[in-house]
Amino acid sequence: QVQLVESGGGLVQAGGSLRLSCAASGRPFSRYTVAWFRQAPGKEREFVAGIRWIGGNTDYADSVKGRFTGSRDNARNTVFLQMNSLKPEDTAVYYCAAALLYSGSYDIREKYDYWGQGTQVTVSS
């Protein structure tokens, strides 16, 4: 079992920045591919960013490319999502998710076995 806890959300003005953290406990995090998803009210949960368990590969949704950066610190069992140039349309609950030794497409929600409780990000115009 892996427990995931997100933090770092909050209220920020458009153009501002936030850094989300996803802290894992229970098993060595280095063997898990981790993704960030978000869900706005009335919308489907959508993929935002992914970080492979090996090799450091990352991928991003088109809507956040060039603005968001994912990273991980396996020694601290933590994954980060740096969000810059935030827009009101980035407002959502952000979730991190983990899949053991997963090397497939990042955006398939069903592939992730573990999810955090989410952290609210609100961007005002």
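Residues numbered from 1 in each chain as written. Predicted model: local features only at pLDDT ≥ 70, side-chain atom pairs only at ≥ 80, totals over all residues. Heavy atoms only, no water.

1. Structural notes on the overall build of the chain
A count of helical and extended segments in the chain gives zero helices and eleven strands. Ordered by position in the sequence, the α and β elements of the chain form the string β-β-β-β-β-β-β-β-β-β-β. Computed over C-alpha atoms, the radius of gyration of the chain comes to 13 Å, within 12% of the 14 Å expected from 2.2 N^0.38 for 125 residues, which places it in the range of a compact globule. Taking the principal axes of its C-alpha atoms as reference, the chain extends roughly 40 × 25 × 25 Å. When each of the 125 residues of the chain is scored for burial, the buried share is 44%. (Helix = DSSP H or I, 4+ residues; strand = E, 2+ residues; numbered from the N terminus. Rg over C-alpha atoms; globule rule 2.2 N^0.38 Å. Buried < 20%, exposed > 50% of the residue type's maximum accessible area, 1.4 Å probe, protein only.)

2. Some remarks on the packing of aromatic side chains
What the rule picks out here adds up to eight aromatic pairs. Summarising the aromatic geometry, the rings of Phe-47 and Tyr-106 are spaced 6.2 Å apart at their centres and angled 10 degrees between planes, so their arrangement reads as stacked. Here Tyr-106 lies in the loop between strand S9 (92–100) and strand S10 (114–115) and Phe-47 lies in strand S5 (residues 46–51), a separation of 59 residues in the sequence. Residue Phe-47 is classed as buried on the basis of its relative accessible area of 14%. Judged by its relative accessible area of 4%, Tyr-106 is buried. The interplanar angle of 70 degrees and the centroid separation of 6.3 Å between the aromatic rings of Tyr-112 and Trp-115 together place this pair among those described as edge-to-face. (Phe/Tyr/Trp six-rings, centres within 6.5 Å; stacked < 30°, edge-to-face > 60°.)

3. Points about the state of the cysteines
In a disulfide, the sulfur atoms of two cysteines are held together by a covalent bond. Applying the stated criterion across every chain yields a total of one disulfide. Residue pairing for Cys-22: its cysteine sulfur links by disulfide to Cys-96, the two sulfurs lying 2.1 Å apart. Disulfide Cys-22 to Cys-96: torsion about the S-S bond roughly 65 degrees, handedness right-handed. Taken together, the residues span a long stretch of sequence, with Cys-22 in strand S3 (residues 18–25) and Cys-96 in strand S9 at a distance of 74 residues. (Disulfide = S-S within 2.5 Å.)

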